[in-house]
Amino acid sequence: MDAKDEVERGLTVIQDYLYWDSHRRAAHHRAAEFAAHVPGLGAEQKTDLEWWYVEEQIRVSRAIAQHLTEQITLVEARHTRRYVRLRRTSRVAMAVLATAVIVLLVSLVLVAAG
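Residues numbered from 1 in each chain as written. Predicted model: local features only at pLDDT ≥ 70, side-chain atom pairs only at ≥ 80, totals over all residues. Heavy atoms only, no water.

Caption draft 1: Representation of the overall build of the protein chain within the structure. When helices and strands are tallied, the protein chain shows 2 helices and 0 strands. Seen along its three principal axes, the alpha-carbon backbone of the protein chain occupies a region of about 105 × 35 × 15 Å. Sorting the 114 residues of the protein chain into buried and exposed places 6% on the buried side. Where the 15 positive side-chain charges of the protein chain centre and where its 14 negative ones centre are 14 Å apart. (Helix = DSSP H or I, 4+ residues; strand = E, 2+ residues; numbered from the N terminus. Buried < 20%, exposed > 50% of the residue type's maximum accessible area, 1.4 Å probe, protein only. Lys, Arg positive; Asp, Glu negative; His and termini not counted. Charge placed at Lys NZ, Arg CZ, Asp CG, Glu CD.)

See the structure below:
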């Protein structure tokens, strides 16, 4: 891997982290806003509610990411199998076609000579 690839990979990692962090902060903000409107909660209870919500959002995000990863893996495997089957079929078709052309040429030579 050359330096350009390393830089691009590093930028992607940074971008992913910033994206994740912005979602985490937004979830924390939503939870704090919600907790502020719930009557009767103490400061510690509000903090606990905020952190529970943020952790729940992270858990859900991880579950979704895991599901997407599994689905992508299944689709890639399916396409790989289809591509292998297509290549095999095309090779067989090319062999049959080549054989047919050779048989026709031999027949033509035999008819012309005969």
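Caption draft 2: Spatial organisation of the packing of helix α1 (residues 3-37) against helix α2 (residues 43-113). Where α1 meets α2, the closest approach of the two axes is 8 Å, and the angle between their N-to-C directions is 145°. In this structure, α1 meets α2 at a crossing whose hand is right-handed. For the pair α1 and α2, the contacting residues are Trp20, Arg24, Ala27, His28, Arg30, Ala31, Ala32, Phe34, Ala35 and Ala36 in the first and Lys46, Leu49, Glu50, Trp51, Tyr53, Val54, Gln57 and Ile58 in the second. Of the residues assigned to the contact of α1 with α2, the class counts are 12 nonpolar, 2 polar and 4 charged. (Axes fitted to C-alpha atoms, helices over the stretch in contact; angles between N-to-C directions. Left-handed = near helix turned anticlockwise from the far one by under 90°. Contact = heavy atoms within 4.5 Å. Nonpolar A, V, L, I, M, F, W, Y, C, P; charged D, E, K, R; others polar.)

Caption draft 3: Looking closely at the packing of aromatic side chains. All chains considered together, the criterion is met by 1 aromatic pair. The interplanar angle of 40° and the centroid separation of 5.9 Å between the aromatic rings of Tyr17 and Trp20 together place this pair among those described as tilted. On the criterion of helical spacing, the pair formed by Tyr17 and Trp20 is a turn pair, its members being 3 residues apart in helix α1. (Phe/Tyr/Trp six-rings, centres within 6.5 Å; stacked < 30°, edge-to-face > 60°.)

Caption draft 4: Highlighting the layout of surface pockets. Taken as a whole, the largest pocket encloses approximately 210 Å³ of empty space. Around the largest pocket, the lining residues are Tyr19, Trp20, His23, Arg24, Ala27, Arg30, Gln57, Ile58, Ser61 and Arg62. Within the residue set of the lining of the largest pocket, elements represented by two or more residues are α1 and α2. Among the elements that take part in the lining of the largest pocket, α1 stands out by supplying 6 residues, more than any other. (1 Å grid on protein atoms, 1.4 Å probe; cavity = no way out; pocket = protein on both sides within 12 Å on 5 of 7 lines; lining within 4 Å. Points joined across faces, edges and corners; volume = space filled by probe spheres on them.)

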